[in-house]
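# Close look at the chain arrangement
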Amino acid sequence: MALVVAQSGCAADHSVETEAIGRLPGAPVPTLPQTDPDGTESSGTEPPTEPTEPTAPPSTTVPNVSTTDPPDVDSELGLGDEMFPELGAPAVDVVSYDVRLDVDADAGAFEGVVGVVADVELGVRFLALDAQQLDIASVDVGADAAEFELIGDELVIGLPEERDERVTASIAYAAAPNDVYSEAGLPAGWFQTSSGSYVLNEPDGARRWMPANDHPSDKATWRFEITVPGDETVSANGELTQRGSAGTPWIWEMDEPMSTYLVQLVIGDYELVDSEPIPSIDGGTIPMLNLAPTDLVDDLPPMLEETARQVAFFEERFGPYPLAGYGLAFVDSTPGLAMETQGRSMFDAGDFRREQLGYLQRLLLAHELAHQWFGNAVSPATWSDIWLNESFATYSQWLWLDEVGVDTLDRLAGDALSQRQNGVHSTGDPVVENLFGFESYDGGAVIVHALRLTIGEDAFFDLLRRWIFDNVGTSQATAEFIELAEEVAGVDLQTFFDEWLYATDLPDDYPA
Ligand code: ARG
Ligand code: ZN
């Protein structure tokens, strides 16, 4: 559902809708010398609960990267993600972004400066950032003007020979970005609406409006300083540290590690609405800050109550809410569209005007909230690990629909398993044009359910809690999940994952 859910409200129809809004005809997946990203973070910004960290491949295994001259092939500047080989950069670990934009929301054009603090392996003479159709005016590294070159969708910035590992770059640019179809078959990037603009970056849309290491494996902290001409409201991730007005920037800060695809940036005629903090299982409270068009503000209470109940329900199963704050952002976008933007999920305002708290609304609220654990606290190491996001968020949504009695887990799991027969793709090894298809969502939730039945109730929920607790603030691969599952369950699960996660055709029945 890429959360483009059927407007009729049938929760199981996501993949159908996803396909209905189109895919790129046969875009081939380019092949690369395998540089298999390990996908984990090593920046000092992480919480101290550092997980087992697969070591990064030595840069000598990455052709061209340690040399003085950048290669002239776009994809060779990337991490070698199987689906998006050109995204990210092997020797780069961004520590923080400072996004300063001057936006004319009506025109959908802006000028900006993005500050990037990154650790770049010593010996590497350039910093490659993803940048698509940005008009780069100048680049500074430290206090000095730097040379730069645009190679395909990469901005390649020259670095001085004598330097520290930590590099500070500042990129001044202009853009009139638009949403463009990602190879994943969905529009991603910057969206202009009648009332303003919003971004929806997943999977590769951040680079369409800002230079970035646009890969889920690289988390950083963020600061947004956004200036708008009039009385528009600006919402970004994290904490509002300065409320803007015409000519005075809105400043937002996200201090918890966040991947580029989780950025929220909404500009338009909206109200920011504080609401009652939600009590957390750990004894504290979760501050709540929401965004809604004026006509929806009075309708927020039931949605916020639903959210508070969902938090309690998920915390009991997945452990404490893993971020500093939460909120609901209702945006004039597209029916069925929702996104787990970190710390404040995004929904289509229209979906909640049609009906306040029906099946679809409860499904969406549960799904995006669950992503704060599965996807945001722990992010995928590569886009091939998408099931760690979508299958778990979908399973969580099933649990909630069952809990409130508008559906049953048995029916949802049973239906999805029968639909999953005679599949075309496996869930564990998705193809790019089907990244947000059925196999990643309900078709993958089937596997989560089968895992629960295989290892048993206690081990299953212990596993989910351990997964989050051990890995919060990092990006992890499926292999890590399997390893932890085997450790927690105390059994070899190779056959299980071969028969369910990596199979095209799934077993006819759930494990007894
Ligand atoms: N992660 C979102 C969800 O399932 C889907 C985003 C899909 N990407 C897009 N560009 N529409 O909640
Ligand atoms: Zn999702």
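Residues numbered from 1 in each chain as written. Chains lettered and ligands numbered in written order. Predicted model: local features only at pLDDT ≥ 70, side-chain atom pairs only at ≥ 80, totals over all residues. Heavy atoms only, no water.

Turning next to the site of ligand 1. Close to ligand 1 lie 16 residues, the nearest being Pro187, Glu202, Glu340, Glu368 and Tyr441. Within the side chain of Glu340, a nitrogen or oxygen atom sits 2.7 Å from a nitrogen atom of ligand 1. Taking Glu368, its side chain carries an N or O atom lying 2.8 Å from an oxygen atom of ligand 1. For ligand 1, the accessible surface in isolation is 350 Å², of which the surrounding protein chains cover 99%. Every element with two or more residues in the shell around ligand 1 is listed here: strand E10 (187–193), strand E20 (338–339) and helix H4 (359–371). By residue number, the principal contributor to the shell around ligand 1 is H4, which donates three residues. (Near = heavy atom within 4 Å. Polar contact = N/O pair within 3.5 Å; in protein donor to acceptor, adjacent residues only side chain to side chain. Areas by Shrake-Rupley, 256 points an atom, 1.4 Å probe, with all protein chains shown as cover. Helix = DSSP H or I, 4+ residues; strand = E, 2+ residues; numbered from the N terminus.)

Quick look at the coordination of the zinc ion (ligand 2) now. Taken together, His367 (NE2), His371 (NE2) and Glu390 (OE) make up the protein donors of the zinc ion (ligand 2), found 1.9 to 2.0 Å from the metal. Between the donor residues of the zinc ion (ligand 2), the gaps in sequence give the motif H-x3-H-x18-E. Of this pair, His371 sits in helix H4 while Glu390 is found in helix H5 (residues 387–403), placing the two residues 19 residues apart along the sequence. His371 gets classed as buried once you look at its relative accessible area, which sits at 0%. (Donors = N, O, S within 2.8 Å, 3.2 Å for Na, K, Ca; no water. Buried < 20%, exposed > 50% of the residue type's maximum accessible area, 1.4 Å probe, protein only.)

The strand order E5-E4-E8-E2-E1-E12-E15-E14 describes an open sheet built from eight strands, whose pairing is mixed. Looking at the sheet topology across the chains shown, the edges are occupied by strand E5 (144–145) and strand E14 (239–242). Relative to strand E8 (residues 166–175), strand E4 (residues 135–141) runs antiparallel, the two sharing six bridges. Its bridge partner lying in E8, Val141 is registered against Ala169. (Pairing = 2+ DSSP bridges.)

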